[in-house]
Amino acid sequence: MIRNYIKIACRSLWRHKGFSIINIIGLAIGMTACFLIYINIKFELSYDSFNEKADQIYRVSTDIIHPDLTIKTPSSFLQMGPSLQQDYPEVKANTRIGNGRFLVQYGELKFQEDNGIFADPSLFTIFTLPVVKGDVKKGFGAPFTVVMTETIAKKYFGNTNPIGKSLLLNDKYSASVAAVVKDVPPNSHFKFDMAISFATREKLYPNSADVWADMGCTTYIELPKGYDYHKLQSLLPAFASKHYTQTDKKEGTDYSFLLQPLKDVYMDIERGGAGDLHNIRIFSIIALFILLIACINFINLTTARATERAKEVGVRKVIGAARRQLIIQFLGESVIICLIAFLFSVLFSYSLLPLFNQLSGKVTNTSIFSHSYLLQLFILSCGIGITAGLYPALVLSGFKPITTLKGKFSKSSRGILLRKGLVITQFTISIVLIIGTIVVYNQLNYMRSQSLGFQKNQMLVINFHNDKAIRNRAELIKSELKKVPNVVAATVSLGIPGFGYNNRDCKIENRAGVMQQILINLYEVDYDFIPQFEMKLAAGRIFSKSFGTDTAQAIVINETAAKTLGYRTPAEAIGQNFSQDERTGKIIGVLKDFHYESLKETVQPLCMRINPARTIAFTLKIESKDIPATISAIQSKWKTLVPERPFNYAFVDDAFNKQYAAQVNFGNLFLYFAVLAICISCMGLFGLASYSTIQRTREIGIRKVFGASVTGIVNMLSIEFLWLVIISSLMAFPLAWFAMNKWLQDFAYRIAIGWWVFALAGVITLIITFVTVGFQAVKAALANPVVSLRSE
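How each quantity is defined
- Residues numbered from 1 in each chain as written.
- Predicted model: local features only at pLDDT ≥ 70, side-chain atom pairs only at ≥ 80, totals over all residues.
- Heavy atoms only, no water.
- Helix = DSSP H or I, 4+ residues; strand = E, 2+ residues; numbered from the N terminus.
- Buried < 20%, exposed > 50% of the residue type's maximum accessible area, 1.4 Å probe, protein only.
- Contact = heavy atoms within 4.5 Å.
- Areas by Shrake-Rupley, 256 points an atom, 1.4 Å probe, with all protein chains shown as cover.
- Core = buried A, V, L, I, M, F, W, Y, C linked by side-chain atoms within 4.5 Å.
- Salt bridge = Lys/Arg side-chain N within 4 Å of Asp/Glu carboxyl O.
- Pairing = 2+ DSSP bridges.
- Axes fitted to C-alpha atoms, helices over the stretch in contact; angles between N-to-C directions.
- Patch = residues over 30% accessible without salt bridge, like charges linked within 9 Å, V, L, I, M, F, W, Y side chains within 5 Å.
- Phe/Tyr/Trp six-rings, centres within 6.5 Å; stacked < 30°, edge-to-face > 60°.
- Lys NZ or Arg CZ within 6 Å of the ring centre and 35° of its normal.

(A) The overall build of the chain, seen in detail. Helix and strand counts for the chain come out as 27 helices and 23 strands. By the burial criterion, 51% of the 792 residues in the chain qualify as buried. Sequence-distant contacts in the chain: of pairs separated by 6 or more residues, those separated by 24 or more amount to 80%. Total accessible area on the chain is roughly 36,200 Å²; 59% of this is exposed by carbon and sulfur atoms.

(B) Broad picture of unusual backbone geometry. Phi is positive for Asn466, which is not a glycine, with a value near 60°. Along the polypeptide, Asn466 turns up in the loop between β13 (459-463) and α16 (468-472). Even without glycine at this site, Glu534 takes up a positive phi of about 55°. Tracing the sequence through the fold places Glu534 in the loop between α18 (529-532) and β17 (537-540). Overall, the relative accessible area of 34% leaves Glu534 in the partly exposed class.

(C) Structural detail: the nonpolar core. Counting residues in hydrophobic clusters, the biggest one holds 113 residues, and the most contacted among them are Leu27, Ile286, Met535, Phe543, Phe594, Met608 and Phe673. Per-element tally for this core: the top contributor is helix α2 (residues 17-45), with 15 residues. If near-sequence neighbours (up to four positions away) are discounted, Ile286 is found in contact with Ile37, Leu433, Phe670 and Phe673.

(D) Geometry of the side chain of Ser122. Residue placement: Ser122 occurs in the loop between β5 (109-119) and α4 (123-126). In this structure Ser122 comes out as buried when scored by relative accessible area, which is 17%. In contact with Ser122, not counting residues within four places along its chain, are Asn94 and Thr95.

(E) Geometry of the pattern of salt bridges. All told, the structure shown has 26 salt bridges when counted by the stated rule. Across the salt bridge formed by Lys72 and Asp63, the nearest N and O atoms sit 3.7 Å from each other. For Asp581, the salt bridge is made with Arg504, and the minimal N-O distance between the two is 3.0 Å. Taken together, the residues Asp581 in the loop between β19 (577-580) and β20 (583-591) and Arg504 in strand β15 (residues 502-509) connect sequence positions 77 residues apart. Asp581 gets classed as partly exposed once you look at its relative accessible area, which sits at 41%. Overall, the relative accessible area of 17% leaves Arg504 in the buried class.

(F) View of the pairing of strand β10 (residues 194-197). Alternating residues of β10 divide into Met194 and Ile196 and Ala195 and Ser197, and every residue in both groups is buried. Taken together, the four bridges between β5 and β10 define a ladder with parallel strand orientation. Across the sheet, residue Gly116 finds its bridge partner in β10, namely Met194. The sheet contact formed by strand β7 (residues 145-149) and β10 spans three bridges and is antiparallel. The residue bridging Val146 from the neighbouring strand is Ile196, located in β10.

(G) Just the pairing of strand β9 (residues 173-181), in detail. Both strand β6 (residues 131-134) and β9 contribute to a ladder of three bridges, which runs antiparallel. Looking across to β9, one finds that Lys133 is bridged to Val180. In terms of strand pairing, β7 meets β9 through five bridges, oriented parallel. Each residue of the ladder has a partner; that of Met148, found in β9, is Val180. Where strand β8 (residues 166-169) lies against β9, four bridges are found, and the strand directions are antiparallel. Considered in β9, the bridge of Leu168 is made with Ser174. Counting the residues between successive antiparallel strands, the hairpin from β8 to β9 contains three residues, one of them, Asn170, with a positive phi of roughly 50°.

(H) The arrangement of the sheet that holds β13 in detail. Taken in spatial order, the four strands line up as β14-β22-β13-β23 in an open sheet, and their pairing is antiparallel. Of all the strands in the sheet, just β14 (487-493) and β23 (649-651) have a single pairing partner and so form its edges. Each neighbouring strand pair of the sheet contributes to a mean axis angle of 25°, computed without reference to strand direction. Relative to strand β22 (residues 617-622), β13 runs antiparallel, the two sharing five bridges.

(I) Seen up close, a nonpolar patch on the surface. Residues Ile719, Trp723, Ile726, Leu730 and Leu766 make up a contiguous nonpolar surface patch of about 480 Å² in total accessible area. Looking at the nonpolar patch, the element that brings in the most residues is helix α25 (residues 710-744), giving four residues. Tracing the sequence through the fold places Leu730 in helix α25. The exposure class assigned to Leu730 is exposed, which follows from its relative accessible area of 59%.

(J) Main features of the packing of aromatic side chains. A full pass over the atoms with the stated rule returns 38 aromatic pairs. Seen from their ring centres, Tyr58 and Tyr229 are 4.8 Å apart, and the 35° between their planes marks the pair as tilted. Remark: Tyr229 occurs in helix α8 (residues 229-243) and Tyr58 occurs in strand β1 (residues 57-65); sequence separation between them is 171 residues. Accessibility expressed as a relative area gives 18% for Tyr229, which makes it buried. When the ring of Phe454 is compared with that of Phe656, the centres are 5.9 Å apart and the planes differ by 45°; the resulting orientation is tilted. With a gap of 202 residues between them, Phe454 in the loop between α15 (413-449) and β13 and Phe656 in helix α22 (residues 652-659) connect regions that are remote in the sequence. The buried category is assigned to Phe656, whose relative accessible area is 2%. Directly above the aromatic system of Phe111 lies the positively charged group of Lys155, at a separation of 4.2 Å from the ring centroid. The cationic tip of Lys600 hangs over the ring face of Phe747; the distance from NZ or CZ to the ring centre is 5.2 Å.

Here it is as structure tokens:
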């Protein structure tokens, strides 16, 4: 019986090749899109799950509470981890991670390693970071010891054993390699190439080890399996009060501590997490939409052809077939179609996975033939076959044999309405995706083309990583670099738009005459910084060598800082007092607001001060002509001036573009999946139009005999489907507006969704529909009526 079902199914598929191809390819494309999105979502949700103790690890995060704002940071006090383990027996272990950047040399090899960390030995027992060579427990606790990943070990030592070998750090310190570990998995929220022992940090910065409240690291603790971490969370305020004494506290600043389960860390955007649950939900919905569209195609085409199977059903029922058997037969046919689509989907997924990884900006997986993905896709295919085939099976198996064998079978009005409703659903989804794509790309274009309030083009940044020897002769190096052809200007600073900044607690006199405590972002600059970046002055003046007090008794703030202090105009802030670190003085100028971060963020209060002792990078303004030759000349000059440090550079505009990388990847994926959804919808529409045209072949012939024009027939056949698209548009517009308006709320600076977006999406859909349906309509209209009517 089963063999008979399969044979009949194959004959039916072969007899109606066109409809079979549309069904199979549509389902294959839908499955492929759904499968690729599934791989991406599974990867995003798998962060840190490779750790064997993932459900026992918690990060101790901090809310820094200022009078004007609260900063959520993943960092915590330097001695918090050890103190927690000492005070509470439930804390089985703790580890600390601090940022570490080093100039590393081994023999003739010399590289700036920016992906280094300071770490305790317990890092490798709390987290699952397998040791390949050496012994972390014995060798890594001492000062100036290093643990390297396999990739970095090979970079410096090739195939030789690195254990015990010495590296030179920052041209000063000799550090021995204690162990080599496997590369950190790509789905880890923190990554490093090289770990330096925390004991080294305490040697390099001896004063910080004595300050309990130094905010200098990220702390993780390990708790017993099954322990309710909320119990320890409730004890943290008393714990902090015990250790964070009154002498440690800064005026106007308080701290609140939070235990975060490791599984939540990656998705915590407020504390620097790179995951985005919002986007994951969006892509989950898109995957379901695409799959739904493919299933709708299957249902529509199968039920539309119901009349062709009616006599078959009648004969089978007359000779004794039960309805249950017919349902199984038709479900079996749909499952076979889905399994064929499954084979195509495997091929498509295998071919498109590298492109998908490129578009998503991360390697979510290198092969679909791992992690039981094929089994999951196979089960999905069977599920789709049963789900999509259930309604057609119920419809086909419900025909009455007497009626169908008499040839009196007629189209059900309910069936026609259902098919129209499904087409409307398809195109509603497609139009929503078209509008979404237009909005996403407009928002990205807006952010990238918006004036930032300063000159960012042709600004080349050379980071010398706080090298004191370079900093001490920064002015000399600046003057020499300016002699390079096509170098227009040079400045040195700590803090550059797009490259980050520091912040400081500061007291500034507000409009009421009170010294207001404010946490303010800080750039430490030289006299050339503001003119070179062409920042605009709102009031007062900028730093000048003509005023000797500017080096220690002057700051420049931005308009947002002036507004935060209550000043109605920038001019009112000029001459007001400030106190910051060891400095006191006056505000000498107010700059017009400029965007020193992505336009996703609002402009925050900012101040600048002259401080040559804390600069870390040169910024050169270069001519736009022959940039490669200019960079080569700068590199040659750098090697002459600073032979001890590699020439590493970046451009300011590239730094801003990188800030939008995640949004660009999101936009690209959104576009591609929207196109797939439209293609699948058009395939279904093409199939329905073909079938509708075939059903009306004699009608078209009669109309042509009576003088109907080709244009009239095309309009007659097209207008029904065009009305469905118009109805879909009216349903899609409010849904798309609601969804995309909500998505735009994540951006501080965003576009308004204009009426033209909806009009454009509607026109695009109408054109696509007319082309899809019109092809069949023109073909039918041009057919010779004699052929269609000769049997009448």
